[in-house]
Amino acid sequence: MLRPRRSTEEGHRRKFMVVIDDTPECSRAVLYAARRAERTAGALVMLYVIVPGEFQHWIGVENIMRAEAMDTAEETLGRFADMVRDIAQVEPQMVIREGARADEIAKLIEEDEDIAILVLAAGAENEGPGPLVTAIAGKASGTFPIPITIVPGTLDDATIKAIA
């Protein structure tokens, strides 16, 4: 059972959560979430999920792959954190998890009672909304614990700033 959200209580702030990855549309979600957090005196949580590798039978290889994945996660989060600091008066909270993306999103929401909105960006291509939006939307079928905001990947910076 999901713990109640506490983001509107004394001593708490509403947190917008964005999932960081290497898709082109990720910056759209980050820009929107950062601007919304700034305009509503909220906070921003950036989650990077490392999907476990396939080489679990060779410990040495697995350890190297895990270390490389952690380096990539830290570098990517750092790059997006710098972007957030440039566009909004918000200091992002950076979280790295390892596991299935949809499961780790749900776990973090369960653990942090201040996360109130998940912000995702849809792909800009004609192939559909993207794998993350598809996975979360499938899981969300009426039971997802918080609202999900989906930012069209085709929106430019000026449009996002105007509507956030």
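### Some points on the overall build of the protein chain
(1) Moving on: Scanning the protein chain for helices and strands turns up 5 helices and 5 strands.
(2) Moving on: In the protein chain, the succession of helices and strands from N to C terminus is β-α-β-α-β-α-β-α-β-α.
(3) Moving on: Looking at the protein chain as a whole, 42% of its 164 residues qualify as buried.
(4) Moving on: Long-range pairs, those at least 24 residues apart, make up 76% of the contacts in the protein chain between residues at least 6 apart in sequence.
(5) Moving on: Here the protein chain displays about 8,900 Å² of accessible surface, and carbon together with sulfur accounts for 52% of that area.

### Here we look at the side chain of arginine 97
(1) Moving on: Examined against the element boundaries, arginine 97 turns out to sit in strand β3 (residues 93-98).
(2) Moving on: Judged by its relative accessible area of 18%, arginine 97 falls in the buried class.
(3) Moving on: Among all residues touching arginine 97, those that are not within four sequence positions of it are Leu47, Tyr48, Val49, Ile50, Glu104, Lys107, Leu108 and Glu111.

### Considerations on the packing of helix α1 (residues 26-39) against helix α2 (residues 59-87)
Any two packed helices are characterised by the angle at which their axes cross and by the distance between the axes.
(1) Moving on: For the pair α1 and α2, interaxial distance at closest approach is 10 Å and the crossing angle is 45°. With respect to their mutual orientation, α1 and α2 come out oblique. As for the relative orientation of α1 and α2, their crossing is right-handed in sense. In this structure, α1 uses Cys26, Ser27, Val30, Leu31, Ala34, Arg35 and Glu38 to contact α2, whose residues at the interface are Phe80, Met83, Val84 and Ile87.
(2) Moving on: Across the contact of α1 with α2, the residue classes tally to 8 nonpolar, 1 polar and 2 charged.

### Quick look at the sheet that holds β3
(1) Moving on: As summarised here, the arrangement of the 5 strands in space is β3-β2-β1-β4-β5, forming an open sheet in which the pairing is parallel. Single-partner strands in this sheet number two, and they are β3 and β5 (148-152). Pairs of neighbouring strands in the sheet enclose a mean axial angle of 30°, with direction left out of account.
(2) Moving on: Direction of pairing for strand β2 (residues 43-50) relative to β3: parallel, over a ladder of 6 bridges. Bridging across to β3, methionine 46 finds its partner in methionine 94.
(3) Moving on: Sitting on the sheet, α2 is in contact with β1 (15-20), β2 and β3, with an inclination near 155° to β2.

### So, the pattern of salt bridges
(1) Moving on: Enumeration according to the criterion identifies 10 salt bridges in this entry.
(2) Moving on: One salt bridge connects glutamate 104 with arginine 97, and the closest N-O pair in it is separated by 3.6 Å. The same class applies to glutamate 104 as to arginine 97, namely buried.
(3) Moving on: Among the salt bridges present, the one from glutamate 104 reaches lysine 107, with a minimum N-O distance of 3.3 Å. Linking glutamate 104 with lysine 107, this pair stays in helix α3 (residues 101-111), spanning 3 residues, or about one helical turn.
(4) Moving on: When its relative accessible area of 43% is taken as the criterion, lysine 107 is described as partly exposed.

### Details of α1
(1) Moving on: Over its 14 residues, α1 extends 20 Å from the first C-alpha to the last, a length consistent with the 20 Å expected when each residue adds 1.5 Å.
(2) Moving on: With 11 of 14 residues buried, α1 is to be regarded as a mostly interior element.
(3) Moving on: Cys26, Ser27, Arg28, Ala29, Val30, Leu31, Tyr32, Ala33, Ala34, Arg35 and Ala37 are the residues of α1 that are buried.
(4) Moving on: Looking at the residues trailing α1, positive phi occurs at alanine 41, about 55°.

Rules behind the numbers
Residues numbered from 1 in each chain as written. Predicted model: local features only at pLDDT ≥ 70, side-chain atom pairs only at ≥ 80, totals over all residues. Heavy atoms only, no water. Helix = DSSP H or I, 4+ residues; strand = E, 2+ residues; numbered from the N terminus. Buried < 20%, exposed > 50% of the residue type's maximum accessible area, 1.4 Å probe, protein only. Contact = heavy atoms within 4.5 Å. Areas by Shrake-Rupley, 256 points an atom, 1.4 Å probe, with all protein chains shown as cover. Axes fitted to C-alpha atoms, helices over the stretch in contact; angles between N-to-C directions. Parallel < 35°, antiparallel > 145°, perpendicular 65-115°, else oblique. Left-handed = near helix turned anticlockwise from the far one by under 90°. Nonpolar A, V, L, I, M, F, W, Y, C, P; charged D, E, K, R; others polar. Pairing = 2+ DSSP bridges. Salt bridge = Lys/Arg side-chain N within 4 Å of Asp/Glu carboxyl O. Expected span 1.5 Å × (residues − 1).

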